[in-house]
Amino acid sequence: MKLAVTVNEKAHEHEVEPRLLLVHYLREVLGLTGTHVGCETTLCGACTVLLDGVPVKACTVLAIQADGAKVVTIEGLEKDGVLDAMQQGFWECHGLQCGFCTPGMILAARDLLDRNPHPTEDQVRGGLDGNLCRCTGYQHIVDAVLHAAKKRGASAAPAPSPAATAAPGAGRHA
Amino acid sequence: MSAAREPYVGRRVKRTEDPRLIRGLAHYVDDLRFADLLHVSIVRSMYAHARIVSLDLAAARSAAGVVDVVTVEDLDRARIGDVPCAASMAGMKTPAHRPLARGKVRFVGEPVAAIVATSAYAARDAVDLVSFEFDPLDAAVDLEKALAPGSPLVHEELGTNKAFEWSVASGDLDAVFKSAAKVLTQRIVHQRLIPCPMEPRGCVAQYLPGERQLTLWTSTQIPHLVRTALAAVLGLAENRVRVVAPEVGGGFGAKLNFYAEEILLSVLAMRLGPRPVKWIATRREDFAATIHGRGQLGMIEGAADAEGRLLGIRYRSIQDLGAYPQLLAPAIPTLTGLMLPGCYKVGAMRMDLTGVYTNKMSTDAYRGAGRPEATYQIERLIDLVADELKLDPVEVRRRNFPAASEFPFKTASGLTYDSGDYRRAMDKALALAGYEKLRAEQQSARLEGRLLGVGVSSYVEICALGPSAALAAGGWESATVRIEPSGKVTVLTGASPHGQGQETSFAQLAADFLGTDLDDVIVKHGDTAEVQYGIGTFGSRATAVGGTALWHALGRVVEKAKRLAAHLLGAASAEAVGFEGGVFVANGKTLTLAELATAAHHAKSLPEGFEPGLQATYAFEPKNFTFPFGTHVCVVEVDRNTGDVRIVRYVAVDDCGRVLNPLLVDGQVHGGIVQALGQALFEEAVYDEGGQLVTGTFMDYALPRAHDCPRFETDRTETPTDVNPLGVKGVGEAGTIGATPAIVNAVVDALEPFGVRHVDMPLRPEKIWRLIQAGGKA
Amino acid sequence: MIPAPFDYAAPRTIDQALAALAEGGEGTKPLAGGQSLIPVLKLRLGSAERLLDLGRIPELRAIRADGDPLVFGAAATHAAIEDSAAVRAACPLFSEVAGRIGDRQIRNRGTLGGSLAHADPAADWPAAVLALEAVLVARGPGKVARSIAAREFFRGLMSTALAPGELLVEVRVRRPGAGGTAYQKVRQSASGFAIAGVAVVLEYGADRVCKRAGVGVTGVADRPYAALAVEKALTGRRLDEATLAAAAALVVEGVKDPLSDLHASGEYRLHLARVHGERALRRAAGLAPA
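Residues numbered from 1 in each chain as written. Chains lettered and ligands numbered in written order. Predicted model: local features only at pLDDT ≥ 70, side-chain atom pairs only at ≥ 80, totals over all residues. Heavy atoms only, no water.

Turning to the pairing of strand 9 (residues 202-208) of chain B, a few remarks are in order. Residues and elements named next belong to chain B. The buried fraction of strand 9 is high, at six of seven residues. Relative to strand 12 (residues 277-280), strand 9 is paired through four bridges, and the arrangement is antiparallel. Looking at strand 12, one finds that Cys 203 is bridged to Trp 279. One ladder, built from six bridges, connects strand 9 with strand 10 (residues 213-218); its direction is antiparallel. Directly across from Tyr 207, in strand 10, lies its bridge partner Leu 214. Count of turn residues in the strand 9/strand 10 antiparallel hairpin: four residues, of which Arg 212 carries a positive phi of about 50 degrees. (Buried < 20%, exposed > 50% of the residue type's maximum accessible area, 1.4 Å probe, protein only. Helix = DSSP H or I, 4+ residues; strand = E, 2+ residues; numbered from the N terminus. Pairing = 2+ DSSP bridges.)

Our focus in this paragraph is the domain arrangement of chain A. Residues and elements named next belong to chain A. For chain A, the assigned domains read domain 1 (2-74) and domain 2 (85-166). The C-alpha centroid of domain 2 is placed 22 Å from the C-alpha centroid of domain 1. Domain 1 puts 17 residues into the contact, and the matching count from domain 2 is 13 residues. Both sides together, the interface formed by domain 1 and domain 2 hides about 1100 Å², and carbon and sulfur atoms give 64% of it. The largest per-residue losses of area from domain 1 upon contact with domain 2 belong to His 36, Thr 48 and Ile 74, which jointly make up 41% of the total buried on that side. Where domain 1 touches domain 2, the interface holds zero salt bridges. In this structure, the connection of domain 1 to domain 2 is made through five residue pairs in polar contact (both at pLDDT 80 or more). Those elements that place two or more of their residues in the side of domain 1 that touches domain 2 are strand 3 (48-51) and strand 4 (54-57). In terms of residue count, the dominant contributor to the side of domain 1 that touches domain 2 is strand 3 (three residues). (Domains from an automatic or database assignment. Contact = heavy atoms within 4.5 Å. Buried area = accessible area lost by both parts, 1.4 Å probe. Salt bridge = Lys/Arg side-chain N within 4 Å of Asp/Glu carboxyl O. Polar contact = N/O pair within 3.5 Å; in protein donor to acceptor, adjacent residues only side chain to side chain.)

Ranked by internal contacts, the top residues of the largest apolar core, which has 224 residues, are Phe90(A), Val277(B), Val638(B), Tyr650(B) and Leu751(B). In terms of residue count, the dominant contributor to this core is helix 19 (residues 734-750) of chain B (10 residues). In this view, Phe90(A) contacts Gly95(A), Leu96(A), Thr102(A), Met105(A), Ile106(A), Ile141(A), Ala144(A), Val145(A), Asp18(B) and Ile22(B); residues no more than four positions away in its chain are not counted. Counting 54 residues, the second-largest nonpolar core is a separate cluster that includes Ala75(C), Leu112(C), Leu130(C) and Ala150(C). (Core = buried A, V, L, I, M, F, W, Y, C linked by side-chain atoms within 4.5 Å.)

Before going further, it helps to examine the packing of aromatic side chains. Inspection of every chain in the model, using the stated rule, returns 23 aromatic pairs over all chains. Look at Phe34(B) and Trp217(B): their rings are 4.8 Å apart centre to centre, the planes differ by 65 degrees, and that puts the pair in the edge-to-face class. Placement of the pair is Phe34(B) in the loop between helix 1 (18-22) and strand 1 (38-44) and Trp217(B) in strand 10, with a sequence separation of 183 residues. On the numbers, 4.6 Å between centres and 45 degrees between planes, the contact of Phe94(C) with Trp125(C) is tilted. Here Phe94(C), found in helix 6 (residues 92-99), pairs with Trp125(C), found in helix 9 (residues 125-131); they are 31 residues apart in sequence, far enough to count as distant. Through successive ring pairs, a cluster of aromatic residues spans Tyr344(B), Phe401(B), Phe407(B), Phe409(B), Tyr417(B), Tyr422(B), Phe625(B), Phe627(B) and Phe629(B). Geometry around Trp91(A) places Lys14(B) over its ring, the cationic atom sitting 4.0 Å from the centre. (Phe/Tyr/Trp six-rings, centres within 6.5 Å; stacked < 30°, edge-to-face > 60°. Lys NZ or Arg CZ within 6 Å of the ring centre and 35° of its normal.)

Turning next to the domain arrangement of chain C. Residues and elements named next belong to chain C. The domain boundaries assigned to chain C delineate domain 1 (7-56), domain 2 (58-173) and domain 3 (179-284). Here the C-alpha centre of domain 2 lies 18 Å away from the C-alpha centre of domain 1. Tallying the contact residues gives 15 residues for domain 1 and 18 residues for domain 2. For the pair domain 1 and domain 2, the summed buried surface comes to about 1400 Å²; carbon and sulfur atoms form 68% of the total. Among the residues domain 1 hides against domain 2, the three largest losses belong to Ile 14, Leu 18 and Gln 35. Together they make up 40% of the total. Joining domain 1 to domain 2, the criterion identifies one salt bridge. Put simply, domain 1 and domain 2 have three residue pairs in polar contact (both at pLDDT 80 or more) between them.

Packing of helix 20 (residues 765-775) of chain B against helix 13 (residues 266-284) of chain C leaves a shortest axis separation of 11 Å and a crossing angle of 85 degrees. In terms of orientation, helix 20 of chain B and helix 13 of chain C fall into the roughly perpendicular class. Only Glu267(C), Tyr268(C) and His271(C) of helix 13 of chain C make contact with helix 20 of chain B, whose side of the interface consists of Pro765(B), Glu766(B), Trp769(B) and Arg770(B). In the contact of helix 20 of chain B with helix 13 of chain C, the residues fall into three nonpolar, one polar and three charged. (Axes fitted to C-alpha atoms, helices over the stretch in contact; angles between N-to-C directions. Parallel < 35°, antiparallel > 145°, perpendicular 65-115°, else oblique. Nonpolar A, V, L, I, M, F, W, Y, C, P; charged D, E, K, R; others polar.)

Taking 1.5 Å per residue as the helical rise, helix 5 (residues 139-154) of chain A with its 16 residues ought to reach 22 Å, and the 23 Å between its terminal C-alpha atoms agrees with that figure. Of the positions making up helix 5 of chain A, those classed as buried are Gln139(A), His140(A), Ile141(A), Val142(A), Ala144(A), Val145(A), Ala148(A), Ala149(A) and Arg152(A). On its buried side, helix 5 of chain A packs onto helix 2 (85-92), helix 3 (102-115) and helix 4 (121-127) of chain A together with helix 18 (662-681) and strand 28 (712-716) of chain B. (Expected span 1.5 Å × (residues − 1).)

Take the sheet that holds strand 6 (residues 131-136) of chain B next. Residues and elements named next belong to chain B. Within the open sheet, the three strands sit side by side as 4-2-6. Their pairing is antiparallel. Whereas interior strands pair on both sides, the edge strands pair on one side only; in this sheet they are strand 4 (104-105) and strand 6. Relative to strand 4, strand 2 (residues 50-56) is paired through two bridges, and the arrangement is antiparallel. Within the sheet, the bridge partner assigned to Ala 50 lies in strand 4 and is Val 105.

Attention shifts here to the pairing of strand 3 (residues 50-53) of chain C. Residues and elements named next belong to chain C. Sheet topology places strand 1 (residues 7-9) next to strand 3; three bridges connect them, and they run parallel. The residue of strand 3 that forms the bridge with Ala 9 is Leu 52. In the sheet, strand 2 (residues 28-31) pairs with strand 3 via four bridges, with the strands oriented parallel. Within strand 3, the residue paired with Lys 29 across the bridge is Leu 51. In this region the chain leaves strand 2, passes through helix 2 (residues 37-42) and returns to the parallel neighbour strand 3; the handedness of that crossover is right-handed. (Right-handed = clockwise from strand over helix to strand, strands pointing away.)

Below, the structure is given as structure tokens:
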């Protein structure tokens with residue numbers, strides 16, 4: 001099938017099998033290998049990308065479902081040699097060790113701040129529910145997100161969505 | 001380069017690894033690009049134990065895109081060796097471990113055949129075209145049943161499932177137990193865990209027939225050891241094999257191994273060369289066929305006097321080896337025996353260990369590797385003693401610690417702890433936690449019916465593995481420092497970091513030593529074609545052993561440079577040359593490191609006998625292990641209605657010797673604690689009675705998520721060691737070793753009103769709820 | 001990780017989708033958000049000849065929360081519902097349940113209708129539509145839509161009242177009257193699905209007399225159910241502590257064969273449903289946590 005998709009602001013057209021997963025399209029067809037595959041049950045979040053501006057797990061989206069859409073991957077965050085505030089935060093706060101979960105973690109965390117520019121620590125932890133890290137114990141990741149929030153607060157931040165301040169507490173129990 | 005700058009060592013230096021990782025530009029195995037790449041999918045057993053009656057591969061062979069299919073017959077014909085175990089025990093019964101099953105399958109996930117195709121999709125499709133007939137057999141799953149007469153035998157030819165027995169003992173244990181005021185006994189399960197580094201295993205192999213050169217890119221912690229093992233299994237000369245560990249997405253011991261797939265891919269590469277072949281484990285494959293950790297069942301007995309002093313320990317345990325002994329598996333539980341006395345002066349001890357084969361995936365080293373089991377036994381035992389004698393568990397610990405003046409301290413298990421001040425670390429942790437206040441809060445909470453618990457764990461671990469006498473393939477580490485003609489510095493380390501950050505901490509060391517900027521130093525690792533021989537990264541050894549090798553290599557290269565500087569500056573001898581901030585000084589004249597490096601390479605004017613170039617290599621053999629230690633304090637609240645455990649606070653005071661980069665050490669401590677938290681609360685590899693892996697995906701095996709973790713309050717003490725000149729001890733496993741007993745002790749403490757003395761991990765809410773129910777109204 | 005091959009079609013209207021479904025027969029599977037279906041295909045636990053992507057039918061994605069009933073297109077995503085200020089104002093239970101599903105990435109793809117039609121016994125939405133007595137609107141090959149009461153919809157383990165060839169197109173939710181709502185969920189520690197989930201709607205005025213009670217329970221039995229005994233015990237009664245406690249004890253009444261697995265036995269699930277049922281009732285009734 002014919003797929004036309006814009007990835008990191010660049011338009012692409014390819015003939016794809018319907019069953020081709022978006023993550024495989026990005027990695028194998030476009031060579032954007034920053035999006036990682038860490039599981040097959042939509043739980044680890046390593047393959048998180050932005051699809052029309054919102055984070056999704058690219059292992060659980062068919063490439064053809066992205067026809068006509070705009071995709072942003074980790075490779076698309078740096079602008080003119082300047083790191084995104086979240087990338088900067090992860091670097092400053094040692095928010096990564098092996099780095100495998102990091103691209104997905106960064107994209108999920110950016111969205112979290114887009115929706116809630118001034119989260120509490122608990123909201124950050126709850127908001128990263130879709131991303132597993134086996135190395136850091138999360139503390140430095142949380143620090144990185146809070147760091148980025150502060151940095152972003154200093155510049156213009158996108159308007160919060162109505163639900164932002166009521167981001168769900170995501171404990172295992174209500 | 002500036003003479004006046006602050007040293008990098010000791011500072012929270014941002015990692016040099018990160019720019020590639022946070023931009024998605026790093027190359028894990030699956031990210032490497034190859035022309036004409038072929039893809040491998042592996043046909044695996046869905047049975048825990050079955051005879052292979054027939055295997056029909058015809059349809060798979062003729063499927064679109066399929067290039068090759070191999071079974072064990074192909075390996076036999078090519079005289080491919082077995083998957084090796086490098087840690088065989090005296091008298092151990094060792095089965096043949098073919099990379100593909102022959103005759104029988106022995107665990108769910110065991111490789112049976114490998115299919116090569118032009119795309120990963122085609123290879124996967126072809127797996128479904130394999131038809132096979134299995135004759136299912138009863139499985140040996142439960143450890144005690146597997147040792148009982150009449151159990152199904154994993155390997156009939158061995159005549160038993162018992163692989164080996166091993167003991168370590170000292171002192172007159174019988175006398176001690178006879179005379180003791182109190183004897184405590186507890187059966188303790190150290191459940192099987194699944195390591196789950198976020199990057200699953202995977203490898204690419206390529207054989208160039210013309211050059212007769214095999215290259216294996218594999219996600220490993222030990223590239224050099226894999227090269228040696230691979231060459232032996234394939235019957236190739238070692239120098240015709242190159243192993244590369246590219247970016248590695250976490251290991252935790254799971255990649256401190258040598259796997260059937262690494263052999264298979266190499267065999268396929270040699271059949272299909274020069275086309276490269278790739279296999280990347282799906283997460284399900286990684287769950288089923290990457291080593292598991294722990295899996296020890298034991299009975300701990302302690303003898304104490306009336307004041308709570310521990311007189312003797314007896315521990316009988318069974319180690320679940322799984323179906324085959326993987327690389328180091330049998331040695332792992334022996335570390336439990338060595339570390340069993342923990343932080344305490346114990347007069348007599350004995351551990352009797354039995355290794356048993358079961359129809360499950362192999363166990364082997366998982367973060368902590370045998371030491372968490374030891375720490376958990378002894379720290380639970382200390383709390384049992386305290387409970388029995390109605391003493392504060394902190395006081396029992398204090399009474400049993402050796403004093404700081406007693407180091408080096410010889411333990412009941414025959415080790416010599418290098419240095420330590422256990423009381424100081426514990427006091428610091430208790431002060432940070434506000435221990436007395438916590439106990440008061442606990443009392444008032446109980447009056448309100450709330451179940452607050454405080455758990456303490458003091459640990460000591462064996463790190464910086466280690467003296468070569470203790471490791472099958474050697475325990476030293478190497479480093480090369482190469483000053484390039486421009487003065488830029490290249491460090492080649494035999495360690496193989498995969499998240500720990502030694503590209504940064506080693507660059508800190510080198511930049512300080514050589515007076516360069518951090519950016520002038522590149523640390524390379526993981527490629528056997530580039531790096532001199534090395535052992536690898538495991539056992540909290542990379543900085544303590546590899547960093548020390550680097551420190552010596554730096555000394556050597558500066559010594560050499562000074563000889564040339566003396567010659568060029570007209571000094572009488574190298575000793576007369578000063579070196580600071582990257583500048584050589586003598587006779588009021590100076591030379592920068594870059595100028596000197598150029599001169600050394602251009603070789604226009606060299607002293608007599610001076611080898612051109614400017615590099616040095618050092619291989620460091622440590623004289624002992626190091627023994628980092630610390631105390632962790634955990635505060636939990638248990639929901640009495642549901643059994644849910646919430647960690648309210650977590651305080652960790654660790655002593656890992658000198659700290660090169662506090663940021664990295666904090667990261668190791670946090671990550672280590674969370675792996676322990678996972679074991680304490682959620683994680684368990686569950687096989688059902690038929691040997692099916694019930695927790696075979698992240699749908700059923702829970703890794704801790706951000707919201708499961710509290711904010712850790714960490715601090716350190718720093719006790720010097722003389723085991724290495726850097727004074728570093730290692731910290732990679734500390735959190736994992738120290739934390740499980742702190743958490744479990746806290747939960748048991750919370751449940752004290754219900755008469756609970758022990759709960760086996762993981763502390764699933766239902767288990768806690770049932771204990772509360774059984775304990776009645778408190 | 002790699003699904004077996006299938007065809008794919010992306011109709012632009014409901015009529016086109018129904019025609020494709022009728023033509024394709026059993027091998028044609030509707031693809032909504034795909035957050036359950038795609039993993040099943042990847043693990044090859046299921047297969048499809050053809051996927052019918054409902055994600056490109058604008059009318060299926062609409063949310064109209066300004067009237068009564070609220071009307072949700074079946075392909076409205078969990079995140080769209082979670083984020084809608086209008087939904088939050090009109091039916092906070094829907095917002096709360098939406099926000100408790102999986103994680104944000106999953107909520108950005110997963111849909112209300114997809115979840116209901118999939119009918120996983122541990123899914124969250126069923127508890128909400130049961131508590132709210134929502135009406136599920138299905139369309140089949142004919143032109144006429146069929147309304148199915150939520151309480152008639154769940155027929156068994158992953159089985160619903162939808163007939164072959166029918167699509168769930170809309171969910172209609174009566175705007176709850178004055179009172180309170182709550183959703184209490186115990187998450188399975190690995191998957192995030194509900195081990196026990198209780199959604200509660202209590203309508204009451206200043207006199208605290210319960211005019212209407214709706215209670216939906218998920219995760220406990222082979223199908224989600226409405227806890228009728230609880231509703232009966234509350235309706236017309238003053239919402240005091242004792243009444244709520246007594247009612248909560250009835251949350252699992254009639255559950256003969258509770259779900260049981262590694263994560264929670266049947267007995268424990270029943271217990272959790274009662275405990276969290278009471279917590280949900282208290283919260284909906286505006287009482288402090290016990």
